[in-house]
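Survey of secondary and tertiary structure
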Amino acid sequence: MSINRIGLKLGAAVIVLMIVILVSSGFAVNRLFTNFYDAQMRDNTQGIADHFTTMAESGDPSVQTMIRNFAEFSDVKVFWLNADGQILTLSGAKLTNPSFVRVRDTQRLLSGHPVEFMSSDASGNRFYVVGKPIKAGSSTRSALYIVSSMKKIDNSLLRLRNLLMLSGLGAFLLALGMILIMSKLLSRPLLQMQKMTEKMANGNWDARLRVGSRDEIGMLGHSINDLAASLQRYRDTRRAFFSNISHELRTPVTYLQGYAKVLADGLVESDKEEKQYISIIYQESVRLEHLINDLFDLSKMEEGQIKLTLEWLDLKEIIKTAVRKVKLKAEKKRLSLQMDLHDRVPDIRGDRRRMEQVLLNLLENAIRYTEKGSVLVRLVRHEEATVLSVSDTGIGISKEELPYIFERFYRVEKSRARKYGGTGLGLSIVKKYVEMQGGTVQVDSEPGTGTTFTLIFPQEKKLGKDRINP
Ligand code: ADP
């Protein structure tokens, strides 16, 4: 398993954080309980010591027996310190070398000062010791030592520490398990994506990811699938284009050769026939020119070499020129070609030749894909934009195809393209040119009813005031 795996990095960070939190909270809980128990033990022992001292100072002859009984009952050990500095049990036996007695305490006690401290024996058992002087009148002759064993408390604390360690270990193992699962869940789709993108890099764009989640990773998966789909579409349309283009190029060339040879060999029978052949040669050469122009523009676009010559354009004038050029085509198909050009539309900044080409592409498409009815070019001024639209009453484009028509080489159904001609480049050139001139293109279409392409150019201020054409 590589250490570079994202899940492991994340897991390591979480584990370090977990250890820090567990250890520090373990210490805090341990300290809290230790302090609490110690304070309680201190209070208890001090209370008992005060009680015994009061009893001893009362001078009652039966005090020794009473203290002994009480001591047994309260779980502490009581010793006398006599004026000679000897330590005696309550029954009067002398203790030799008791571990809890320190010389300086004896002196302090016999001079009338209480002492308290924590002590431990050779085997490490802890005791809490309170020493209280017993006053007789104004002098101190003896003292009491009350020794409380900390064994119970230490045992409780030991159990608590074990419990803390166990629960810490449990939490740690649980977190470790969760991290392993999470890292698997997290890295599996990422690894799949990596494999998929590797495949895509090797030209396999048919593979798709199975996306289950709706989180960021799921969204990334969807985006990669979309990317693969559009690359695949690009490849397919490109392939189709190259097979089409060779056909498209060959067909006019075959016509040109055939009819030119007939004319050259003098095989025509009448003037009418000759004119007809010359007309076909002319039409085919025009078609070839279109194709070559589109290809030329495309290759320049691919190389990012197209430079615009920007100037202030009167769109009305450009529309009229373009409409004049396609008028004959529209008349041939008996389509009515109309213009609705509003007054006071400001000039826009653009490239005259490209703008005319945009219009010609849209108009030619409108005429090409319309069998009866009309084609309308409209120019209006909106609040913040100049809007130019080309509408037709033609065959329309289905909703499913609409998002793709601006892609290079894309043609709606091949059979349709064969019938109408065209290269599948016109609209991608339109879009590119309009965007280069600061505009946007929209399309609305209803199959069987017609299509409208709308170009929107935001208004640009021309040093001070708009240049407006009446
Ligand atoms: P083409 O040279 O094939 O017309 P375009 O890029 O100009 O290529 O158009 C792409 C496709 O969009 C065309 O193949 C055609 O099917 C469709 N299309 C474009 N304009 C229209 C329109 N006005 N009406 C219906 N379909 C259209």
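Residues numbered from 1 in each chain as written. Predicted model: local features only at pLDDT ≥ 70, side-chain atom pairs only at ≥ 80, totals over all residues. Heavy atoms only, no water.

For the protein chain, the name recorded in an unreviewed UniProt entry is histidine kinase, with Sporolactobacillus putidus as its organism.

**Some remarks on the sheet that holds strand E8 (residues 336-341)**
Pairing within the open sheet is mixed, and its 5 strands lie in the order E8-E11-E12-E14-E13. In the strand order of this sheet, the two ends are held by E8 and strand E13 (440-446), each with one partner. Across the sheet, the mean angle from the axis of one strand to that of its neighbour is 10 degrees, orientation sign disregarded. In this structure, strand E12 (residues 385-392) lies alongside strand E14 (residues 450-458), joined through 8 bridges in antiparallel fashion. Across the sheet, residue Ser 391 finds its bridge partner in E14, namely Thr 452. Relative to the sheet, helix H7 (residues 315-332) contacts E8, strand E11 (374-381) and E12, its axis offset from that of E8 by approximately 175 degrees. (Pairing = 2+ DSSP bridges. Helix = DSSP H or I, 4+ residues; strand = E, 2+ residues; numbered from the N terminus. Axes fitted to C-alpha atoms, helices over the stretch in contact; angles between N-to-C directions. Contact = heavy atoms within 4.5 Å.)

**Notes on helix H10 (residues 426-436)**
Those residues of H10 not exposed but buried are Gly 426, Leu 427, Ser 428, Ile 429, Val 430, Tyr 433 and Val 434. Immediately downstream of H10, the backbone of Gly 438 shows phi near 85 degrees, a positive value. (Buried < 20%, exposed > 50% of the residue type's maximum accessible area, 1.4 Å probe, protein only.)

**So, the pattern of salt bridges**
Under the definition given, this model contains 18 salt bridges. A salt bridge links Arg 126 to Asp 154; the shortest N-O distance between them is 2.7 Å. On the criterion of sequence distance, the pair formed by Arg 126 in strand E5 (residues 126-136) and Asp 154 in helix H4 (residues 151-201) is long-range, its members being 28 residues apart. By relative accessible area, Arg 126 is classed as partly exposed at 23%. Residue Asp 351 pairs with Arg 354 through a salt bridge whose shortest N-O separation is 4.0 Å. Look at Asp 351 and you get buried, because its relative accessible area is 5%. Taking relative accessible area as the criterion, Arg 354 reaches 5% and is therefore assigned buried. Through salt bridges that share partners, Asp 38, Arg 126 and Asp 154 make up one connected network. (Salt bridge = Lys/Arg side-chain N within 4 Å of Asp/Glu carboxyl O.)

**Some words on a nonpolar patch on the surface**
On the surface, Ile 19, Val 23 and Phe 27 cluster together into a nonpolar patch covering about 290 Å² of accessible area. Following the sequence through the fold, Val 23 ends up in helix H1 (residues 6-57). Looking at Val 23, the relative accessible area reads 43%, which means it is partly exposed. (Patch = residues over 30% accessible without salt bridge, like charges linked within 9 Å, V, L, I, M, F, W, Y side chains within 5 Å. Areas by Shrake-Rupley, 256 points an atom, 1.4 Å probe, with all protein chains shown as cover.)

**Looking at H7**
The terminal C-alpha atoms of H7, which comprises 18 residues, lie 26 Å apart, in line with the 26 Å expected from a rise of 1.5 Å per residue. The sharpest bend along H7 reaches about 45 degrees and sits at Val 326. If you check which residues of H7 are buried, you get Leu 315, Lys 316, Ile 318, Ile 319, Ala 322, Val 323, Val 326 and Ala 330. On its buried side, H7 packs onto strand E7 (311-313), E8, strand E10 (348-350), helix H8 (352-368), E11 and E12. Immediately beyond the C-terminal end of H7, within one or two residues, lies Arg 334, with a positive phi of roughly 55 degrees. (Expected span 1.5 Å × (residues − 1). Bend = angle between axes of the 7 residues up to and from the residue.)

**Brief notes about the packing of aromatic side chains**
Under the defined criterion, the tally for this structure stands at 7 aromatic pairs. Ring geometry for Phe 100 and Tyr 145: centres 5.3 Å apart, planes at 70 degrees, overall edge-to-face. Remark: Tyr 145 occurs in strand E6 (residues 139-149) and Phe 100 occurs in the loop between strand E3 (94-95) and helix H3 (103-110); sequence separation between them is 45 residues. We classify Phe 100 as buried; its relative accessible area is 7%. When its relative accessible area of 0% is taken as the criterion, Tyr 145 is described as buried. On the numbers, 4.8 Å between centres and 45 degrees between planes, the contact of Tyr 259 with Tyr 277 is tilted. With Tyr 259 in helix H5 (residues 216-264) and Tyr 277 in helix H6 (residues 271-302), this pair connects stretches of sequence that are 18 residues apart. On the basis of relative accessibility, which here comes to 15%, the residue Tyr 277 falls in the buried class. Every member of this aromatic cluster is reached through a ring pair, and the members are Phe 33, Phe 36 and Tyr 37. (Phe/Tyr/Trp six-rings, centres within 6.5 Å; stacked < 30°, edge-to-face > 60°.)

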